[in-house]
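# Inside the fold
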Amino acid sequence: MAHAVRMPKPGQMTEECVLSMWRKSEGEPVAKGDVIFEIETDKSTMEVESFHDGVLLRQVVEAGATVPVNEVCAWIGEPGEAVPDEAPAPAVVAARGDVEQAIDGEPKAVRQPPPVRASGVRSAISPRARTLVREAGLDAAAITGSGPGGRIIERDVRAALTVDEARKPSPAEPARVAPTREIAGEGEPRPLSRMRRVIAERLTLSATTIPTFSATVSADVTRILALRDELRSENASVSVTDLVLAATAQTLAEFPDVNSRTDGISVWQRRRVHLGLAVALPAGLVVAVIRDADRLALLELHEAAGRLVAAARAEALSPDDMTGSTFTVSNLGMYGIDAFTAIVNPGESGILAVASAVPTPVVLNGGIAIRTLMKLTLTADHRLVDGELGARFLGALRRRLEDPVTFRREITST
């Protein structure tokens, strides 16, 4: 029996991927575990392996095509075997043979993108094509799909738009269009990169579906910076970010309600702290995930964070490195930022924005002293975290950063 090879779903927010390169040709032998093709997501490149032995009977899609998750990309079977006319119902698939899992090991079913009803006709259509159809006011039933199984994809909609524009009669006198680009000094528009589009979609989802509030505290990090220098003298090259990550992870373990998630109806309290670290790249922003961050000693956390940041900058993060975070830390302190608020990642309850450590005159023991202060801003999902809980969380985090003796004992004995 011929076996379908489907486009995997490498992340919970991924709806389609680009099949960037075929590694096997039609008629070529395939062994279980062989790489059949490569795919590109918005943030990484991955290899898709075969689950079966046989030959590659057919390549269903061309290299460079954007393919919805769970769509059939190829067929593997015995030499000369007929390829079925219809694909079997999709099963859970993942790149490199890993079954996708939700937080805390709960299995998560992979859903096929739903069909769209247009003028009484049900038609398979990709999410991006669906959005374009809606914005352009087109009838999806009148568009012929060129994707797998006749699915309507973005290029089909754009082709329909071109035909629609060509059919419009030319007016007797063309309307005058204000030369806005010339006035504003703008160049020709360029499309957002795939990563930027995904970032825009997720942040828009967050801003429109998660009610948030923000609260800020100033932590006196004078002594914790001295601890950093002391550790460096012991050949432990830790950074301010490492110390903030360690303090945040310990505080999340202390406040499990801040480490939870909700769908607006139910609440899941997570038993493990998977700490996200925002990493800026030229193409956009990624969140690398440090697993069980509260169980790592400081040097272990430093090594884990360093590995992830290096992989992110080399565009070598795996999907597992970018999914499953329970809370995120975003540090802009190295850029001289006084304070800022960050946007909560969907699926998390909050995000911590870390500003610069600034020498500041403060009242201390009845006199004026220069201390190094750092502003920490918590932005939280108000459905899970109210003001009182957020204030206690920030207070506990500040105490850790202001008490290096207790903090050092905590992060070295984890």
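Reference entry: report on the structure contained in this document. (Residues numbered from 1 in each chain as written. Predicted model: local features only at pLDDT ≥ 70, side-chain atom pairs only at ≥ 80, totals over all residues. Heavy atoms only, no water.)

## With respect to the overall build of the protein chain
What the protein chain contains, in helices and strands, is 10 helices and 18 strands. Expressed as a percentage of its 414 residues, the buried residues of the protein chain come to 44%. Sequence-distant contacts, at least 24 apart, represent 62% of the contacts inside the protein chain between residues at least 6 apart. Accessible surface computed for the protein chain: about 21700 Å², of which carbon and sulfur atoms make up 52%. (Helix = DSSP H or I, 4+ residues; strand = E, 2+ residues; numbered from the N terminus. Buried < 20%, exposed > 50% of the residue type's maximum accessible area, 1.4 Å probe, protein only. Contact = heavy atoms within 4.5 Å. Areas by Shrake-Rupley, 256 points an atom, 1.4 Å probe, with all protein chains shown as cover.)

## Quick notes on helix α5 (residues 222–233)
In a regular helix each residue adds 1.5 Å, so 12 residues correspond to 16 Å; α5 covers 17 Å between its end C-alpha atoms and thus fits that length. Among the residues of α5, those classed as buried are Ile224, Leu225, Leu227, Arg228 and Leu231. End-on, the buried residues of α5 take up no more than an arc of 150 degrees, which puts them together on one face. Looking at the residues trailing α5, positive phi occurs at asparagine 235, about 70 degrees. (Expected span 1.5 Å × (residues − 1). Arc of directions from axis to C-beta.)

## Quick look at the sheet that holds strand β15 (residues 284–290)
Ordered in space as β11-β18-β17-β16-β14-β15, the six strands form an open sheet in which the pairing is mixed. Each of the sheet's edge strands pairs with one partner strand only, and the pair in question is β11 (212–220) and β15. For this sheet, the mean angle separating the axes of adjacent strands, direction not counted, is 30 degrees. Where strand β16 (residues 327–331) meets strand β17 (residues 350–364), four bridges bridge the pair, whose relative direction is parallel. (Pairing = 2+ DSSP bridges. Axes fitted to C-alpha atoms, helices over the stretch in contact; angles between N-to-C directions.)

## A few points about the packing of aromatic side chains
In this description, a pair of aromatic rings is defined by centroid distance and the angle of the planes. Across all of its chains, the model carries three aromatic pairs by this definition. Aromatic pair tryptophan 22 and phenylalanine 37: ring centres 5.2 Å apart, planes at 70 degrees, arrangement edge-to-face. Linking tryptophan 22 in strand β2 (residues 16–22) with phenylalanine 37 in strand β4 (residues 35–40), this pair joins segments that are 15 residues apart in sequence. As far as burial versus exposure is concerned, tryptophan 22 and phenylalanine 37 are alike and both buried. An aromatic cluster is present here, built from Phe255, Phe327 and Phe393 joined pairwise through their rings. Stacked on the ring of tryptophan 268, the Lys or Arg arginine 261 has its end atom at 4.2 Å from the ring centre. (Phe/Tyr/Trp six-rings, centres within 6.5 Å; stacked < 30°, edge-to-face > 60°. Lys NZ or Arg CZ within 6 Å of the ring centre and 35° of its normal.)

## Some details on the environment of arginine 158
Among the secondary structure elements, arginine 158 is positioned in helix α2 (residues 154–167). Here the alpha-carbon distance between arginine 158 and alanine 129, two residues 29 residues apart in the chain, equals 8.7 Å.

## Things to note about the sheet that holds β4
In any sheet, the strands associate via hydrogen bonds between backbone groups, in a parallel or an antiparallel arrangement. Taken together, the four strands give an open sheet; going across it, the order is β5-β4-β2-β7, and neighbouring strands pair in antiparallel fashion. Each edge of the open sheet is held by one strand with a lone partner, namely β5 (45–49) and β7 (66–68). Ignoring which end each strand starts from, the neighbouring axes of this sheet average 40 degrees apart. In this sheet, β7 lies alongside β2 in antiparallel orientation, the contact comprising three bridges.

## Remarks on the nonpolar core
In terms of nonpolar packing, the biggest core is built from 59 residues, with Leu352 and Leu376 touching the most fellow members. Sequence-distant contacts of leucine 376, defined by excluding residues within four places in its chain, comprise Ala215, Thr216, Val217, Ala219, Leu352, Ala353, Val354, Leu394, Leu397 and Leu401. In terms of nonpolar packing, the next biggest core, distinct from the first, is built from 18 residues, Cys17, Phe37, Ile39 and Val48 among them. (Core = buried A, V, L, I, M, F, W, Y, C linked by side-chain atoms within 4.5 Å.)

## Brief notes about the pairing of strand β14 (residues 275–281)
Two faces belong to every sheet, and in a regular strand the side chains alternate between them. Most of β14 sits out of view: six of its seven residues are buried. Alignment of β14 against β15, held across seven bridges, turns out to be antiparallel. Its bridge partner lying in β15, alanine 278 is registered against valine 287. Connecting β14 to the next strand, β15, in antiparallel fashion are two residues. Examined bridge by bridge, β14 and β16 share three bridges and lie parallel to one another. Across the sheet, residue leucine 275 finds its bridge partner in β16, namely phenylalanine 327.

## Some points on the pattern of salt bridges
Counted according to the given criterion, the structure contains 11 salt bridges. A salt bridge links arginine 23 to glutamate 47, with the shortest nitrogen-to-oxygen separation between them at 3.2 Å. Of this pair, arginine 23 sits in the loop between β2 and β3 (29–30) while glutamate 47 is found in strand β5, placing the two residues 24 residues apart along the sequence. The shortest N-O distance in the salt bridge between aspartate 229 and arginine 228 comes to 3.2 Å. Take aspartate 229: its relative accessible area is 40%, and that puts it in the partly exposed class. When salt bridges with common partners are traced through the structure, they connect Arg23, Glu38 and Glu47 into a single cluster. (Salt bridge = Lys/Arg side-chain N within 4 Å of Asp/Glu carboxyl O.)

Function cannot be read off these values alone, since they describe shape.
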